[in-house]
Amino acid sequence: DQQVKQNSPSLSVQEGRISILNCDYTNSMFDYFLWYKKYPAEGPTFLISISSIKDKNEDGRFTVFLNKSAKHLSLHIVPSQPGDSAVYFCAASEGGTSYGKLTFGQGTILTVHP
Amino acid sequence: GAGVSQSPSNKVTEKGKDVELRCDPISGHTALYWYRQRLGQGLEFLIYFQGNSAPDKSGLPSDRFSAERTGESVSTLTIQRTQQEDSAVYLCASSLVKAGAGELFFGEGSRLTVL
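Keep in mind that this is a model prediction, so the values were computed, not measured. (Residues numbered from 1 in each chain as written. Chains lettered and ligands numbered in written order. Predicted model: local features only at pLDDT ≥ 70, side-chain atom pairs only at ≥ 80, totals over all residues. Heavy atoms only, no water.)

Draft legend 1. A look at the overall build of chain B. Check the secondary structure of chain B and you find zero helices and 10 strands. Reading chain B from its N end, one meets helices and strands in the order β-β-β-β-β-β-β-β-β-β. At 13 Å, chain B has a C-alpha radius of gyration in line with the 13 Å of a compact globule built from 115 residues. The C-alpha extent of chain B, read off along each of the three principal axes, is 40 × 25 × 25 Å. Counting every position in chain B, which comprises 115 residues, the buried fraction comes to 48%. Of the contacts made within chain B by residues no fewer than 6 positions apart, 55% connect residues no fewer than 24 positions apart. Working note: accessible area of chain B is about 5600 Å², and carbon and sulfur atoms make up 45% of it. Of the side-chain charges in chain B, 12 are positive and 13 negative, and the distance between the mean point of each set is 3 Å. (Helix = DSSP H or I, 4+ residues; strand = E, 2+ residues; numbered from the N terminus. Rg over C-alpha atoms; globule rule 2.2 N^0.38 Å. Buried < 20%, exposed > 50% of the residue type's maximum accessible area, 1.4 Å probe, protein only. Contact = heavy atoms within 4.5 Å. Areas by Shrake-Rupley, 256 points an atom, 1.4 Å probe, with all protein chains shown as cover. Lys, Arg positive; Asp, Glu negative; His and termini not counted. Charge placed at Lys NZ, Arg CZ, Asp CG, Glu CD.)

In structure tokens:
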């Protein structure tokens, strides 16, 4: 039972264009959503998050959108840069005392071509 | 240290042997987590320590897995009688209690291979 799904294993984008990474979830109790980025042989690093009371959060080139009715979130990277090439994980938490207990998707490999 | 430190970075063991994986969290971080990532999959939650509270062990896959934490510092994850399906990267993370929910700082992981 996969509660967080990233249906695209990989995405290839030209430098300067927009990258859109998608994530779907099934658990209605999820209260907080995050994106992590992972380079090979390194641990994941936090990128951006959004609370369920919001539908958009922006941080520089990164914007996360949340559609609660569709149980869908997406990460937009504009403009994409070659250094953004990494594995991106979507994660969710039920909040409260479980806020750090994250359920992760399988990841999407983003490749940004120069 | 500046970040979460894990050791060993790589461990190859034979089926049936016990292994210990160590994690040094960021100084001052009261919460510590263990996750694992099997090949081609997302991260799976294993266990969570918060201060002196009883740990949340709900993610441990079997009673062969156990973890301890000394105060608010070092943690050790022990896998007894390892099986081939235990092969994975084991990731430790720490956070401040009052940090934004879920903003965990991960170590580089310990890659375990069970032959």
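Okay, back to it.
Draft legend 2. Structural detail: the nonpolar core. Counting residues in hydrophobic clusters, the biggest one holds 23 residues, and the most contacted among them are Phe 33, Trp 35, Leu 73, Leu 75 and Tyr 88 of chain A. At the level of secondary structure, the elements contributing two or more residues to this core comprise β3 (19-25), β4 (32-38), β5 (45-51), β7 (62-67), β8 (72-77), β9 (86-93) and β11 (108-113) of chain A. (Core = buried A, V, L, I, M, F, W, Y, C linked by side-chain atoms within 4.5 Å.)

Draft legend 3. Inspection of the state of the cysteines at higher detail. Residues and elements named next belong to chain B. Taken as a whole, this structure holds two disulfides over all chains when the rule is applied. Sulfur-sulfur distance for the disulfide between Cys 23 and Cys 92 comes to 1.9 Å. With the S-S dihedral at roughly -65 degrees, the linkage between Cys 23 and Cys 92 falls on the left-handed side. Of this pair, Cys 23 sits in strand β3 (residues 19-24) while Cys 92 sits in strand β8 (residues 88-95); the two residues are 69 residues apart in sequence, bridging distant segments of the chain. The buried category is assigned to Cys 23, whose relative accessible area is 0%. Classification of Cys 92 by relative accessible area gives buried; the value is 0%. (Disulfide = S-S within 2.5 Å.)

Draft legend 4. Summary view of the interface of chain B and chain A. At the interface, 24 residues of chain B touch 19 residues of chain A. Taking both partners together, chain B and chain A bury about 1700 Å²; carbon and sulfur atoms supply 58% of that area. Taken together, the links from chain B to chain A amount to one salt bridge. Asp 56 of chain B is the partner of Lys 101 of chain A in a salt bridge, and the nearest nitrogen-oxygen pair spans 3.3 Å. Applying the counting rule to chain B against chain A returns four residue pairs in polar contact (both at pLDDT 80 or more). Within the residue set of the side of chain B that touches chain A, elements represented by two or more residues are β4 (31-37), β5 (43-50) and β8 of chain B. In terms of residue count, β4 of chain B provides more of the side of chain B that touches chain A than any other element does, four residues in total. For the side of chain B that touches chain A, the residue count by class is 12 nonpolar, nine polar and three charged. (Buried area = accessible area lost by both parts, 1.4 Å probe. Salt bridge = Lys/Arg side-chain N within 4 Å of Asp/Glu carboxyl O. Polar contact = N/O pair within 3.5 Å; in protein donor to acceptor, adjacent residues only side chain to side chain. Nonpolar A, V, L, I, M, F, W, Y, C, P; charged D, E, K, R; others polar.)

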